Amino acid sequence: MAEAESDDSRHRAKVYCLNSNGQWDDRGTGHAAVQYSPEDEAAFVVVVSEDDGSQVLLQARVHMEDIYQRQQETIVSWNEPETGVDYALSFQDAEGCTDLWEQICSLQGREPDGAGGTSDAEGASSTAGSAGADTALQLPAAELRNVAAIADLLSEVPPFRRARLVELLLQSDYVPQLVRVFGVAEDLECTDDLHHLYGVFKGLVLLNDASLYEQLLREDLVMSVFGALEYDPDLHVARAEHRAFFRSQQRFKQVVPITDEDVLKRIHQNYHLSFLKDVVLPRSLDDNAFAALNQIAFSNNMQIVSSLANDDTFLQSLRDKLADPSLSSEALHDALRLLQELTTIAKQLQLYNRSTFYRKFVEHACFAPLAAALRRPEPEIRLCALEVLLASTQHEPALLRTCILSQRPGYELCHALIGVLVSPGGTGEKPQASEVLRALLDPDAMEGRERDEFLNLFYDEFVDKIAQPVAGKVSAGTGPLNGPTNGTSGARGGEGGAGSAEGDDPAEEAAGDVLSARQHVCELLCFFVTRHTYRIKYFILRNNVLCRVLRLAKVRDKGLVLAAIRFFRTCIGLKDEFYNRYIVKNRCFEPVVAQLLANLGRDNLVHSAILELLEFVRRENVRSLVAHLADAYGERFRTLKHVEVFEGLLRRDAQNNDPGAIGPAKGPAAGGPGASSCAVGAPPGGRRVFGGDEEDAYFNESDDEEEAEPSADAVDDRQFVPRPVHAAADDRMERGAFSHEAPPPRLVPGGSLAPRLPAVLEIARRGGASSPPLVPPVGSPPNRSPPQLSSAPPLGSPPA
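Definitions and limits used
- Within each chain, residues carry numbers counting from 1 in the order of the written sequence.
- With the structure being a predicted model, the display of local features is reserved for residues of pLDDT at least 70 and the display and counting of side-chain atom pairs for 80 or more, all residues being used for whole-chain, interface and lining totals.
- Heavy atoms from the whole structure form the basis of all side-chain values; hydrogens and water molecules are not counted.
- Strands here mean DSSP runs of E at least two residues long; helices mean DSSP runs of H or I at least four residues long; both are numbered from the N terminus.
- Think of it in three bands: with a 1.4 Å probe and only protein chains considered, a residue is buried below 20% of the maximum accessible area for its type, exposed above 50%, and partly exposed in between.
- Residue contacts are defined here by distance: any two heavy atoms, one from each residue, within 4.5 Å place the two residues in contact.
- Throughout, the Shrake-Rupley method with a 1.4 Å probe supplies accessible areas, and for residues the shown protein chains are the sole cover considered.
- Strands are labelled as partners when DSSP assigns at least two bridges between them.
- Helix axes are fitted only over the stretch in contact, all axes being lines through C-alpha atoms; the angle between N-to-C directions runs from 0 to 180 degrees.
- Between 65 and 115 degrees an angle is taken as roughly perpendicular, under 35 as roughly parallel, over 145 as roughly antiparallel, and anywhere else as oblique.
- By definition, turning the near helix anticlockwise from the far helix through less than a right angle yields a left-handed crossing, and turning it clockwise yields a right-handed one.
- A pocket, in this scheme, is an open set of points on a 1 Å grid over the protein atoms alone with protein on both sides within 12 Å along at least 5 of 7 lines, while a cavity is a set where a 1.4 Å probe fits but cannot get out; residues line either one if an atom lies within 4 Å of a point.
- Grid points are joined across faces, edges and corners, and a volume is the space filled by probe spheres set on the points.
- In summary, the pairing rule links any two rings of Phe, Tyr or Trp, Trp by its six-membered ring, whose centres are within 6.5 Å, and it sorts them by plane angle into stacked for under 30 degrees, edge-to-face for over 60 and tilted for everything else.
- Lysine NZ or arginine CZ positioned within 6 Å of the ring centre and within 35 degrees of the ring normal marks a charge as sitting over the ring.
- Here the expected span of a helix is defined as 1.5 Å times the quantity of residues minus one.
- Directions are taken from the helix axis to each C-beta atom, and the arc is the one they span.
- Within 3.5 Å is the distance limit for a polar contact, defined as a pair of N or O atoms, with the added protein rule that one can donate a hydrogen and the other accept it, and that residues adjacent in sequence qualify only through two side-chain atoms.
- Only one rule defines a salt bridge in this text: a Lys or Arg side-chain nitrogen within 4 Å of an Asp or Glu carboxyl oxygen.
- pLDDT measures the predictor's confidence residue by residue and takes values from 0 up to 100.

Moving on, we get to the overall build of the protein chain. Scanning the protein chain from N- to C-terminus turns up 34 helices and seven strands. Residue burial in the protein chain is summarised as follows: out of 800 residues, 44% are buried. In the protein chain, of all internal contacts separated by at least 6 residues, the share reaching a separation of at least 24 is 65%. When the accessible surface of the protein chain is summed, it comes to about 39,800 Å², and 49% of that surface belongs to carbon and sulfur atoms.

Given below as structure tokens:
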């Protein structure tokens, strides 16, 4: 049996045994503990008499089966499976009972308050770990001859003993002693001892204790710790040289002097932490160790940023360095990297601390020098400045808006930001510039006065510069249209449709950087259309922007084609008649249909995007666009049979023109202008014969669609009929306000009926001499005798 533990690890308890009569026999009082026996390779519950230290009152093997029970707070009982005898230990205090119970549960591999045992393999592992639990309170002397025992102790310590082990390591100043032992072993070139020391320091790291990490990463110890971790026994080919890296390549550069020693200490500690978990022990650290190291780094970052934010001297020196025009590119890059690192760390802070940092950031005018940095030719400098702006807008965009408004009349920062977006070069920087502009111009993140002031400034000064890559030279402003739009003279009704607008042609082929700028500008324009309502509407219509953007659909780059179609789809998605009339007037569908026909057999993303656009027009029944598509491209659509979108679009147009017609298209041969009023396929006499699907489609059709107002481009040439005196009451009767039955026909002066007046006028206009009689469609209510004018109730009278 292993050597007895110290008195503080034993607890006073009485031993009871259940006799054959069912009575508990008192075996005596002693001190109980769990001990490990190397000879038997098993753990035992041992109770030594308090009167005679050599007398053992109980020695029972700890079994892996779930046979142990804890009763109340001070009793542990079990039944020996080999002998069938029941034993019970009654402790003097609850602490002793808890300690013994936790040791038994740890050996069984279960939680102290859980149930169930483990398999034999797990039990053997837990039993072996009990050796560490037995000797955890007796650390071997930190000497070269004991390094193997220390390595075994640290690798086999059970979880419930780790806290006590860490406490002893810190109290006895054990880590500095191990560092001195490592120095001796390295001087003697003892390879086996150095391998054991690797296991020792690796075990110290895996204990996952913040206080122990603080000691391991002390300035006077950290290099020796990294040195001990160089001797990994698994690396047979070459030894890692961590210390050589620190001596030859690692150097600490202070862009701006930091006078706070505590900040410097935490900066060095964070660097060593990152090196430890990313370079030294990336394969050995478990999730708990990574979490513990990251928590220390997070705590250090909070202290670093908070201290530097409150250091006015540091912030003012950093701002002066950024604003120095004589600064070299390398020095400016270092200063921007420092500022970027601070803003990146600030993302991890709590809201209050982050707000404090950015408030100091604005107080020292750190935004102002970034405008000059964005104009520098070096891409790394521009990228650092954009990262700083992006981090600030992700926290609070109002800070950057306030800075831009305070720069009037020059607005250098906004001009520089837009210059990065629209410039030919710098493809990698445009996504960040686009995100910054999107955050600045989001009206949902602004309050009323700020929204009006900033958006008015943007549309008066900058929107034309953003649109220039895709629209050429345009004019700023958001005033309503009082004359012809820029670039629209001659565009109406031209053969080229959208391609006939005047001005610079943005659809000409360009380099990849220019294509990237145009794609990001199209994305921003989509954002403006959905968020800025009337401002962007007047800008687009005044400068013919939509036609110019759609000319990009002619380029070979499919990404740019998709960007143009996406912008077109966004405008149509608003279902705004201003946009719809503009689209019809300028034949904006011309390049889209050309792309559709060019990509028919390819089944690519361009083809799918155009089909979705046409399906949206059909599904939402945008009447002006449906009529325009049927009139302008109906002949082409009739030849396309690979999907049902085109047939459905033409059928929708026929239904809009004649709600009773279900014909697939319109025209001279299909019920269009110049044909009789009957739909295609109607039998003589005018009564329609419905198929099964068409009849369902007719009854599913909404009456609101039949009575909807005509589109803006439709011409109403019906004869004017004056309203009677009782027109208001008749309207209420027509809506069914006076009866729950179907509404009666409307009266006209003279008592004549006017059923389906638009259809009658349409027949008269077309000159149909032999028009078929008017027969109500299937499902219509029968006509009733109209009431006389004299019997109409006065206005406001209740129904009879």
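So, next bit.
With that settled, the discussion passes to the pairing of strand S2 (residues 24-37). The side chains of a regular strand alternate, residue by residue, between the two faces of the sheet. Where strand S1 (residues 11-18) and S2 come together, eight bridges link them in antiparallel fashion. Paired with Arg12 across the strands is His31, a residue of S2. Remark: five residues form the turn of the hairpin made by S1 and S2, two consecutive strands paired antiparallel; Gly22 in that turn has positive phi of roughly 80°. Summarising the sheet, S2 and strand S3 (residues 42-49) pair through eight bridges and their orientation is antiparallel. Looking across to S3, one finds that Val34 is bridged to Val45. Where S2 hands over to S3, the hairpin turn is made up of four residues, of which Glu41 adopts a positive phi near 55°.

Between helix H25 (residues 558-573) and helix H27 (residues 589-598), whose axes approach to 11 Å, the crossing angle comes to 130°. Relative to H27, the element H25 is oriented oblique. Crossing of H25 against H27: the hand is left-handed. In this structure, H25 uses Lys558, Val561, Phe568 and Ile572 to contact H27, whose residues at the interface are Phe589, Val592 and Gln595.

In this model, the second largest pocket occupies a volume close to 1,100 Å³. Residue lining of the second largest pocket: 30 residues in total, with Phe252, Lys253, Ile267, Tyr271 and Glu341 positioned closest to the centre. Of all elements in the fold, only helix H10 (261-280), helix H11 (287-309) and helix H13 (329-346) reach the threshold of two or more residues within the lining of the second largest pocket. Top element by residues in the lining of the second largest pocket is H13. It accounts for eight residues.

Bringing the environment of Glu167 into the picture now. Relative to the elements of secondary structure, Glu167 occurs in helix H4 (residues 162-171). Separated by 45 residues in the primary sequence, Glu167 and Leu212 have C-alpha atoms spaced 9.2 Å apart.

Counting across every chain of the model gives 20 aromatic pairs. Centre to centre, the rings of Tyr358 and Phe361 are 6.0 Å apart; their planes meet at 65°, and the pair counts as edge-to-face. Residue Tyr358 and its partner Phe361 are located together in helix H14 (residues 351-363), separated by three residues, close to a single helical turn. An aromatic cluster of three or more residues is present, and its members are Phe226, Phe245, Phe246, Tyr271 and Phe275. Against the face of Phe578 rests Arg581, its NZ or CZ located 5.3 Å from the ring centre.

To continue, consider helix H12 (residues 312-323). The end-to-end C-alpha distance of H12, which contains 12 residues, comes to 17 Å, matching closely the 16 Å that a straight helix rising 1.5 Å per residue would cover. Every buried residue of H12 is accounted for by Phe314, Leu315, Leu318 and Leu322. Across the axial projection of H12, the buried residues extend over an arc of 95°, all falling on one side. The inward-facing, buried residues of H12 contact H11, H13 and H14. A side-chain oxygen of the first residue of H12 lies 3.3 Å from the backbone nitrogen of Thr313; this N-cap is Asp311.

Throughout the structure, instances matching the rule amount to 29 salt bridges. In this structure, Glu73 engages Arg70 in a salt bridge whose closest nitrogen and oxygen atoms are separated by 3.7 Å. Glu590 is the salt-bridge partner of Arg587, the closest N and O atoms lying 3.1 Å from each other. By relative accessible area, Arg587 is classed as partly exposed at 22%.

Here the focus is the pairing of S1. Of the two faces of S1, only one is covered, namely that formed by His11, Ala13, Val15 and Cys17; the face formed by Arg12, Lys14, Tyr16 and Leu18 stays uncovered. When S1 meets strand S7 (residues 86-91), the two strands line up antiparallel, connected through five bridges. Bridge pairing links Cys17 to Tyr87 in S7.

Moving on, we get to the confidence of the model for the protein chain. Chain-level statistics for the protein chain give a pLDDT mean of 76 and a share of 73% at 70 or above. Low pLDDT, under 50, characterises residues 1-7; the predicted model gives this stretch 21 contacts beyond four residues in sequence or across chains. Counting contacts from residues 499-503, a segment whose pLDDT is below 50, to residues more than four positions away or on other chains yields 15 contacts.

Moving on, we come to the sheet that holds strand S5 (residues 68-71). For sheets, the rule is that strands pair by backbone hydrogen bonds, running either parallel or antiparallel. The strand order across the open sheet built from seven strands is S4-S3-S2-S1-S7-S6-S5, with neighbouring strands paired in antiparallel fashion. The open sheet has two edge strands with one neighbour each: strand S4 (56-61) and S5. Neighbour-to-neighbour, the strand axes of the sheet open up by a mean angle of 30°, direction not taken into account. Contacts from helix H1 (residues 94-108) reach S1, S2, S3, S5, strand S6 (75-79) and S7, with the element oriented near 155° to S5.

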